[in-house]
Amino acid sequence: MDTKLMMETARAMVAPGKGLLAADESSGTCKKRFDSVKVECTEENRRAYRELLFTTPKIADYVSGVILFDETLRQKTKDGVPFADYLDKNGVIPGIKVDGGAHDMALHPGEKVTEGLDGLRKRLEEYFKLGARFAKWRAVITIGEAANGKDLPSWACIEANAHALARYSALCQEASIVPIVEPEVLLDGNHSAEKSERVHERTLETLFHECFRQDVIPECLILKASMCVSGKDNAQQAGVQEVAERTLRVLKRTVPAALPGVVFLSGGQSDENATAHLDAMNRMGAPWPLTFSYSRALQAVALKAWRGQAGNVAAAQKAFHHRARMNSLAARGQWNANMEKQAA
């Protein structure tokens, strides 16, 4: 276990004004996104699309690392350079998604538990050799009501996912790979931002308690957090400032000060809302660097511009570069909506 390497990696991941590109969509998720722009979801098209993103000029000014899918980590640029090597040589840290996906939780209808611990030690050894220096594991926490009338999430769901996240983290650190823990509280439903805040607090408190019990080193751990937003079906949507205040309050109550930083997922928010929330939190100030680890909120405009056409690559890269720059400014607390209008 190379603690020095992990600490250096973790600090670089949350360097000032930089965040992560989440490009770890499974082939199934990729197909849904490609279908939206009428692009066939072949391995070559997935490779070409990822290359478009990774080779965007000066993207390393805003992106510190990229979370890759297993397939992508093994792919190469059209010139034959492995993606991990290309990223590393251009100042971007390669990472890898390692969980086996969220599956129905036994005896808990409507809830999921993330699987993938079996065989993870050997997979991490291989991923390190392939160039990955950080990893990600996602758990999903649902707010709502089960078919049997019980409130969700249950303590059983929170504890099962927290325990898995902690065990995954320990295995990563054993392999000198920085773990990102992602306990996503879903925005599906009609719950209030206040309810979201309560669930976030329970989830994060349990997560870090489990990490402590598993001897996970907090200085070599990154939290990927969701935000305390209103459920998407709630007619009363919390404003930007309220979301920022609630999210920061939860983090300050639950996250160890020793953590190198916190990155946020966009979780179905609009591009601009995800940026605005991040900016508002950074204007308020926090004990850790707060930055982005977005997928759709960075990629959607690029995919729409590309549409599978080689002639659209430059336009797609320009769109991606703009979103990365906007979120870089938000990570410094220097973004405002006028910048979006000017670009439009």
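Note that the coordinates shown come from a computational prediction; the quantities given were computed from them, not determined experimentally. (Residues numbered from 1 in each chain as written. Predicted model: local features only at pLDDT ≥ 70, side-chain atom pairs only at ≥ 80, totals over all residues. Heavy atoms only, no water.)

Participant: I'd like a description of helix H6 (residues 120-129), backed by residues and values.
Facilitator: Along H6, the positions that sit buried rather than exposed are Leu120, Leu124 and Tyr127. Buried residues along H6 cover an arc of 60° about the axis, so they all sit on one side. Exposed residues on H6 whose side chains face more than 90 degrees from its buried face are Lys122 and Lys129. Close packing links the buried residues of H6 with helix H4 (70-73), strand E3 (93-97), strand E6 (134-141) and helix H7 (155-174). After H6 finishes, the residue Gly131 shows a positive phi value of roughly 110°. (Buried < 20%, exposed > 50% of the residue type's maximum accessible area, 1.4 Å probe, protein only. Helix = DSSP H or I, 4+ residues; strand = E, 2+ residues; numbered from the N terminus. Arc of directions from axis to C-beta. Contact = heavy atoms within 4.5 Å.)

Participant: Quick rundown of the sheet that holds E3? Include the residues and the values.
Facilitator: Within a sheet, neighbouring strands are paired by backbone hydrogen bonds and run either parallel or antiparallel to one another. Spatially, the eight strands close up into a barrel ordered E1-E2-E3-E6-E9-E10-E11-E12, and their pairing is parallel. Adjacent strand axes in the sheet meet at a mean angle of 25° when their direction is disregarded. By the bridge criterion, three bridges tie strand E11 (residues 262-264) to strand E12 (residues 290-294) in an arrangement that is parallel. When the sheet's bridge partners are listed, Val263 is paired in E12 with Thr291. Those strands touched by helix H1 (residues 3-13) are strand E1 (19-23), strand E2 (63-68), E3, E6, strand E9 (178-185) and strand E10 (222-225), and its axis lies near 45° from that of E9. Relative to the sheet, helix H8 (residues 193-213) contacts E6, E9 and E10, its axis offset from that of E9 by approximately 150°. (Pairing = 2+ DSSP bridges. Axes fitted to C-alpha atoms, helices over the stretch in contact; angles between N-to-C directions.)

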